[in-house]
Amino acid sequence: MVLVVEADPAERELFSSWLEASGFTVLACPGPTEPDYMCVGARTGACPLADAADVVVLDMSLDSEALMTGTAAEELLGLYLVSGRPVVVLGSRQGEQVAGQLVRMGRHPSRDELLDAVRSLVRPGESTTAERGAAR
C-alpha cells in the first residue's frame with residue numbers, strides 16, 4: 001500500500017491514479033489541515049495511515065509549510081523514516097538518498113519517475129498491490 005501525502009487535490013488525485021493504474025493500493029492524505037495544521041502523527045508520535053502503508057510519497061509543499069504553522073514537512077519526513085517507512089520525497093531540498101529508504105525528487109515528477117521511485121522502495125516479499133486486498 002502507498003500513502004500519498006499531497007496538499008494539492010489535483011496532484012493528489014493524479015499521483016493516486018498513476019499508482020492505482022499500476023496496481024498499487026493507495027491511501028491519500030492532504031497532510032496537516034485546518035484549523036491548527038497539526039498532523040495526528042505529530043500529536044501522538046504515530047500516523048495510523050503511515051502504519052498501514054509500505055511506502056510513503058510525501059510532497060514537502062504542504063499547507064502547514066505555506067502558513068509556517070503546525071506540523072512541518074521535515075517533521076513528517078522524520079516521523080515516517082523513524083517508523084521504518086520508506087519515503088519518496090517530492091520537492092525536497094538537496095540531500096543524500098538512502099537506498100531502500102529515501103528517494104528525493106523534484107516536486108512535479110513524471111508518471112514514470114514516480115512509479116520507478118516507488119517501485120525502488122518496495123521491499124522484496126512486500127505486496128503493495130491490489131492483490132494484497134484480494135488475498136485477505
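Residues numbered from 1 in each chain as written. Predicted model: local features only at pLDDT ≥ 70, side-chain atom pairs only at ≥ 80, totals over all residues. Heavy atoms only, no water.

Draft legend 1. View of the nonpolar core. Counting residues in each nonpolar core, the largest one holds 20 residues, and the members touching the most others are L3, V5, L58, Y80 and V87. Those elements that place two or more of their residues in this core are β1 (2-5), β3 (55-59), α5 (73-82) and β4 (87-90). Sorting elements by how many residues they give to this core places α5 first, with 5 residues. The residues contacting L58, other than those within four sequence positions of it, are V5, A73, L76, L77, Y80, V87, V88, V89 and L90. (Core = buried A, V, L, I, M, F, W, Y, C linked by side-chain atoms within 4.5 Å. Buried < 20%, exposed > 50% of the residue type's maximum accessible area, 1.4 Å probe, protein only. Helix = DSSP H or I, 4+ residues; strand = E, 2+ residues; numbered from the N terminus. Contact = heavy atoms within 4.5 Å.)

Draft legend 2. Focus on the pairing of β1. Residues V2 and V4 line one face of β1 and the alternating positions L3 and V5 line the opposite face, and both faces are buried. As for the winding sense of the linkage, the β-α-β connection from β1 through helix α1 (residues 9-21) to strand β2 (residues 26-29) is right-handed. Here β1 pairs with β3 via 4 bridges, running parallel. When the bridges of β3 are listed, V4 appears paired with V57. (Right-handed = clockwise from strand over helix to strand, strands pointing away. Pairing = 2+ DSSP bridges.)

Draft legend 3. Up close: the pattern of salt bridges. Inspection of every chain in the model, using the stated rule, returns 5 salt bridges. Two residues, R107 and E6, come together in a salt bridge whose shortest N-O distance is 3.8 Å. Here the residue R107 occupies a position in the loop between β5 (102-105) and α6 (111-121), and E6 occupies one in the loop between β1 and α1, the gap between them amounting to 101 residues. When its relative accessible area of 26% is taken as the criterion, R107 is described as partly exposed. Across the salt bridge formed by D116 and R119, the nearest N and O atoms sit 4.0 Å from each other. (Salt bridge = Lys/Arg side-chain N within 4 Å of Asp/Glu carboxyl O.)

Function cannot be inferred from these measures alone, as they are strictly geometric.
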